[in-house]
Amino acid sequence: MESRTLGFVSSTGSTSLASTNDIRVARTSSKVASFCRNPSKARIAQPNTSTSFVGSKSRSCTTTVKMADSSSSQKKRVVVTGAAGKTGKLVMDKLLKKKDQFEVIGVVRDASSQKKLAAELKVSTDVIKVADIQDPNALQKAMSPKVDGLVIVTSAIPKIKWWSLIKVIIYKILGKKASPEFTFKLGQNPRMVDYVGQKNQIDAARANGCKQVVIVSSMGGTDKTNFLNTMGNGNILMWKRKAEKYLVSASDLVYTIIHPGGLLDKQGGLRELVFGLNDEIIKGGDSSIRTIPRDDVARVCIEALEKPEVFGNKSFDLTSKPEGNGNPNAPIVELFGQLQGKTNAYNYPIDTEIDAMN
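Because the structure is predicted, anything quoted here is derived from the model rather than measured. (Residues numbered from 1 in each chain as written. Predicted model: local features only at pLDDT ≥ 70, side-chain atom pairs only at ≥ 80, totals over all residues. Heavy atoms only, no water.)

1. Here we look at the pairing of strand 8 (residues 149-152)
Quick note on the threshold: Only protein chains enter the accessibility calculation, which uses a 1.4 Å probe; a residue is then buried when its area is under 20% of its type maximum, exposed when over 50%, and partly exposed in between. Segments assigned H or I by DSSP are reported as helices when at least four residues long, segments assigned E as strands when at least two residues long, and all are numbered from the N terminus. The pairing criterion is simple: DSSP has to find at least two bridges between the two strands.
Neither face of strand 8 is left uncovered, since the one carrying Gly149 and Val151 and the one carrying Leu150 and Ile152 both have all their residues buried. Pairing of strand 5 (residues 76-81) with strand 8, which is carried by four bridges, proceeds in the parallel orientation. From the neighbouring strand, Val78 faces strand 8, where its bridge partner is Gly149. As paired strands, strand 8 and strand 11 (residues 212-216) are joined by four bridges and run parallel to one another. In the strand pairing of strand 11, Val151 is matched with Val214.

2. What to know about helix 3 (residues 111-121)
Put simply, the rule reads: Note: the arc covers the axis-to-C-beta directions of the helix.
For helix 3, every residue scored as buried is listed here: Gln114, Leu117, Ala118 and Leu121. Burial along helix 3 is one-sided: seen end-on, the buried residues are contained in an arc of 100°. Those residues of helix 3 that are exposed and aimed more than 90 degrees away from the buried face are Ser112, Lys115, Lys116 and Ala119. Of the residues flanking the end of helix 3, it is Lys122, one or two places downstream, whose phi is positive at about 60°.

3. Looking at the sheet that holds strand 5
The cut-off we apply is this: Axis lines are fitted to C-alpha atoms, over the contacting stretch for helices. Their N-to-C directions set the angle, which ranges from 0 to 180 degrees.
The strand order across the open sheet formed by eight strands is 7-6-5-8-11-12-16-14, and the pairing between neighbours is mixed. The outermost strands of the open sheet, each flanked by one partner alone, are strand 7 (128-130) and strand 14 (273-276). Going from strand to strand, the sheet's axes swing by 25° on average, the running direction of each strand aside. Pairing between strand 12 (residues 254-260) and strand 16 (residues 314-320): five bridges, direction parallel. Looking at strand 16, one finds that Ile258 is bridged to Phe316.

4. Some points on the confidence of the model for the protein
Selection criterion: A score between 0 and 100, pLDDT records how confident the predictor is in each residue. Should any heavy atoms of two residues lie within 4.5 Å, those residues are considered in contact.
Across the protein, the average pLDDT comes to 84, with 80% of residues at or above 70. This stretch, residues 1-72, has a pLDDT under 50; its non-local contacts, to residues over four places away or in other chains, come to 232 contacts.

5. Description of the environment of Asn208
With respect to the element layout, Asn208 can be found in the loop between helix 6 (190-207) and strand 11. In sequence terms Asn208 and Asp148 are 60 residues apart; their C-alpha atoms lie 8.4 Å from each other. Residue contacts for Asn208: discarding those within four places in its chain leaves Gln140, Met143, Ser144, Pro145, Lys146 and Val147.

6. Some thoughts on the packing of helix 6 against helix 8 (residues 236-248)
The test is simple: Roughly parallel means an angle under 35 degrees; roughly antiparallel, over 145; roughly perpendicular, 65 to 115; everything else is oblique. Each crossing is labelled by how the near helix is turned from the far one, with a counterclockwise turn of less than a right angle marking it left-handed and a clockwise turn marking it right-handed. We call Asp, Glu, Lys and Arg charged. Ala, Val, Leu, Ile, Met, Phe, Trp, Tyr, Cys and Pro are nonpolar, and the rest, Gly among them, are polar.
The N-to-C vectors of helix 6 and helix 8 enclose an angle of 20°; their axes lie 8 Å apart at closest approach. Relative to helix 8, helix 6 is oriented roughly parallel. Judged by the sense of rotation from one axis to the other, the crossing of helix 6 with helix 8 is right-handed. Taken together, the residues of helix 8 that come into contact with helix 6 (itself represented by Pro190, Arg191, Asp194, Tyr195, Gln198, Lys199, Ile202, Asp203 and Arg206) are Ile236, Trp239, Lys240, Lys242, Ala243, Tyr246 and Leu247. When the residues that make up the contact of helix 6 with helix 8 are grouped by side-chain class, the tally is eight nonpolar, one polar and seven charged.

7. Side note on the packing of aromatic side chains
Applicable threshold: Put simply, two rings from Phe, Tyr or Trp (the six-membered ring, in Trp's case) pair if the centres are within 6.5 Å, and we call them stacked under 30 degrees between planes, edge-to-face over 60, tilted for the rest. By definition, being over a ring means that NZ of Lys or CZ of Arg is both within 6 Å of the ring centre and within 35 degrees of the ring normal.
Counted by the stated rule, this structure contains seven aromatic pairs. Consider the rings of Phe311 and Phe336, whose centres lie 4.5 Å apart with planes at 35°: the pair is tilted. Placement of Phe311 in helix 11 (residues 308-311) and of Phe336 in helix 12 (residues 332-336) is noted, with a sequence separation of 25 residues between them. For Phe336, a relative accessible area of 6% translates into the label buried. Summarising the aromatic geometry, the rings of Phe316 and Phe336 are spaced 5.0 Å apart at their centres and angled 65° between planes, so their arrangement reads as edge-to-face. On the criterion of sequence distance, the pair formed by Phe316 in strand 16 and Phe336 in helix 12 is long-range, its members being 20 residues apart. Owing to a relative accessible area of 0%, Phe316 belongs among the buried residues under this scheme. Put simply, the rings of Phe275, Phe311, Phe316 and Phe336 touch in pairs and so form one group of aromatic residues. The cationic tip of Lys242 hangs over the ring face of Tyr195; the distance from NZ or CZ to the ring centre is 5.4 Å.

8. Remarks on the packing of helix 2 (residues 86-96) against helix 3
It is the contact of helix 2 with helix 3, at a shortest axis distance of 11 Å, that shows an interaxial angle of 45°. Taken together, the axes of helix 2 and helix 3 lie oblique to each other. As helix 2 runs across helix 3, the sense of the crossing is right-handed. Along the contact surface, helix 2 presents Lys89, Met92, Asp93 and Leu96, while helix 3 presents Leu117, Glu120 and Leu121. Looking at the contact of helix 2 with helix 3, its residues break down into four nonpolar, no polar and three charged.

9. Focus on the pattern of salt bridges
Where we set the bar: Salt bridges are defined as contacts in which a side-chain nitrogen from Lys or Arg sits within 4 Å of a carboxyl oxygen from Asp or Glu.
Scanning the model with the defined rule gives 20 salt bridges in all. Between Asp148 and Lys146 there is a salt bridge, and its shortest N-O distance comes to 3.5 Å. By relative accessible area, Lys146 is classed as partly exposed at 30%. The residue Asp296 makes a salt bridge to Arg299 at a minimum N-O spacing of 2.6 Å. Of this pair, Asp296 and Arg299 both sit in helix 10 (residues 294-306), three residues apart, which is roughly one turn of that helix. Classification of Asp296 as buried rests on a relative accessible area of 0%. If you follow the salt bridges from partner to partner, you end up with Lys98, Glu303, Glu306 and Lys307 in one network.

Below, the structure written as structure tokens:
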């Protein structure tokens, strides 16, 4: 399953307002070093800085990491869940084109999706595993014998109640406003997919030795009143945020959490990327920079996998400027550097309520 664009959705990406409250989520130097394929070649500079994270222990902050030369290391085995979706498929395709760096495994929900995706990517069905993200044992089996990196591109998908469109049409004729209603398939609501399912994926990856996790999540998580939370009364952004907090609290994992804006089915590499924090992009009111091609989101996923010393232990918002505005060739690392090492905060008022959700 993967994130879709609904209204203003990015992967789920959505609209919301939030004040800036930057917080640095710290990690121990041993955690990042253990991620390297050859820790003995990694040199880590560690300043005397610490901070606290809601729901996790205080950790010292790692700011500079020199990784081992990739040419001297083995391939990184990366599992992509939600691989049959539009964004997941793009991540798979980009990883498969880097055969010298990655061994790729895609995870899909059923055999039909397995065969279809294998044909589209021109790979053996052995590369695509079938596992329900709500089945921990199936996930562990699909990821075995080992996982070096996990990219999560799964999401609950709201389904419109078609009969509600009749009401919308009638109200429009009468000059009134009405919104369509949504629901979720049985067993595929946000709690089961975006929290329980993501938690299962993280746990299964850890059980197979994983040290790095990249999540494609959603903007709008700081705002409980965001329209996406009202769809089917699913509170989808809140459950996604709860899963993010679970990942951040895992002291043995290097994480990257991407909050894309509204996803576009357009060619990537033609727009300058925009990085932000805590839904500031939405609050800024410039609607021209609230969207991003799926392909560009996939590009950033690959960058995160390749450069954990840059993107590791960071959560950020991601959109793009309109085509023709800005420099589409600007290096992603340089654009990301404009955040100055800051990361999304998880200590907003909504987080207290999220912590109590079960």
